[in-house]
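Architecture and fold: a report
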Amino acid sequence: MNSADLVWVSVSTILVLLMVVPGVALFYGGLVRSKNVLSVLSQVLGVFALVLILWFAYGYSLAFTEGSSVIGGLGRAFFSGMYDIPNDTFELAGSIPELTFASFQSTFAGITCALIVGGFAERIKFKAVLIFIVIWLTFSYLPVAHMIWASDGYLFGEALDFAGGTVVHINAGVAALVAAYVVGPRLGYGHEPMQPHNLPMTMIGACLLWVGWFGFNAGSSLGANTAAALAFYNTIIATAGAIISWIVLEAIFKGKASLLGGASGAVAGLVGITPAAGLVGPVGALIIGIVTAAFCLWGVNGIKRLLKADDSLDVFGIHGIGGIVGGILTGIFNAKPLGGPGLESLADIPLQLWYQIEGMLIAAVLSAVVTVIGLKIAGALSGGLRVERDAEREGLDITTHGERAYHR
């Protein structure tokens, strides 16, 4: 065991926790209307806590132990065999305790599921959300994580995904988009103003995401090493490039550079660099940030209008599109002639791009199918997916949770 590696991965776990609660919660909370802010915060918090328990019970074991090329076994259910506390003996995962690795990965599963909340915000039953997440985690997240990250996974060593571009962002982005279709649009969508109620809250959430993302990306090196150093700086430069890219393009095409645009650009850049963080050079990271932001800006405007889906908080437009663009560019800038640490020559890029696209397609199809089935089951067990029309009009804060965020 390496003590420095143990400390770094432990700190990284805390940083990813910071990304979710409060990061994602505040980012999402500021984007909804004031009557639904507590509902979104509750969904993010409840989903994250639920996933942590499921991860302990069986999630980690199915994702990371040996089994088939698609899913693992149950040998580590409830972290069985991972430690012997009386004798102070812990199994290792590389140079750190396996318990630490499992803890770190639990936050990845948690944030992936929490991101989906943005696709159906402001109209779904809390009970239905929790039931759906149990199904989606089990049949979508765990197989995708196993196929890409487990040593016997179908795509392990082929599809490059340093910290979760496909496993986390494409997986969650597609689920949110499909869920938006299945649940249906909010009452008044397209006819009534649905502006963010608190942009300072969203800005704080975005900043917490950026800080926490250093654990997400650099922590995925699983040690205090050169890969962590590379991922750390790439997380800085890609995000900076994405912010400038978004606000410049917004100023050109809309006439004004908005705070929401800058915050959205930051998240887009973070998503784009996630699969590439330790696999490309800094120049490649900067390009990935700039290009990903441009595509995500189009994703939350043009693509969203074409799809005609009420993806309330643009989960697909930023996480889905950003994950796709970042994953493809990872396959390009990983090449040594382009400053990356991987592919030996440019001639290797086409095959690597196929591996990247194959992983994305598998994740997208599986996520979409599981989302449809999972929501149907959740709706049947909850007496319908949506709250009553009157409850939606009044707001989920008071009708579902019996609280108000603001008192006049």
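Reading the values: rules and limits
- Residues numbered from 1 in each chain as written.
- Predicted model: local features only at pLDDT ≥ 70, side-chain atom pairs only at ≥ 80, totals over all residues.
- Heavy atoms only, no water.
- Helix = DSSP H or I, 4+ residues; strand = E, 2+ residues; numbered from the N terminus.
- Polar contact = N/O pair within 3.5 Å; in protein donor to acceptor, adjacent residues only side chain to side chain.
- Contact = heavy atoms within 4.5 Å.
- Patch = residues over 30% accessible without salt bridge, like charges linked within 9 Å, V, L, I, M, F, W, Y side chains within 5 Å.
- Areas by Shrake-Rupley, 256 points an atom, 1.4 Å probe, with all protein chains shown as cover.
- Salt bridge = Lys/Arg side-chain N within 4 Å of Asp/Glu carboxyl O.
- Buried < 20%, exposed > 50% of the residue type's maximum accessible area, 1.4 Å probe, protein only.
- Axes fitted to C-alpha atoms, helices over the stretch in contact; angles between N-to-C directions.
- Parallel < 35°, antiparallel > 145°, perpendicular 65-115°, else oblique.
- Left-handed = near helix turned anticlockwise from the far one by under 90°.

Quick word on the side chain of Thr65
Tracing the chain through its elements places Thr65 in the loop between α2 (37-64) and β1 (83-84). For Thr65, the side chain forms a polar contact with the main-chain oxygen of Ser61, separated by 2.5 Å. In this structure the side chain of Thr65 is engaged in a polar contact, spanning 3.0 Å, whose partner is the backbone nitrogen of Gly73. Discounting chain neighbours no more than four positions away, the residues touching Thr65 are Tyr60, Gly72, Gly73, Arg76, His146 and Asp152.

Concerning a nonpolar patch on the surface
A cluster of nonpolar side chains, namely Val365, Val369, Val372, Ile373, Ile377 and Leu381, defines an oily patch on the protein surface of about 490 Å² accessible area. Inspection of the secondary structure assignment puts Val365 in helix α11 (residues 349-382). Residue Val365 is classed as exposed on the basis of its relative accessible area of 53%.

Regarding the environment of Val315
With respect to the helices and strands, the residue Val315 is situated in helix α10 (residues 315-333). Separated by 37 residues in the primary sequence, Val315 and Gln352 place their C-alpha atoms 27 Å from one another. Excluding residues that lie within four positions of it along the chain, Val315 makes contacts with Tyr28, Leu115, Gly118, Gly119, Ala172, Gly173, Ala176 and Gly320.

Observations concerning the packing of α10 against α11
At a minimum axis distance of 8 Å, the contact between α10 and α11 shows a crossing angle of 155°. It follows from the interaxial angle that α10 and α11 lie roughly antiparallel. Both α10 and α11 take part in a crossing whose hand is right-handed. Residue-level inspection shows Gly323, Ile324, Gly327, Ile328, Thr330, Gly331 and Ile332 of α10 in contact with α11, the latter providing Ile349, Gln352, Leu353, Gln356 and Met360.

Purely spatial values, then, with no claim about function.
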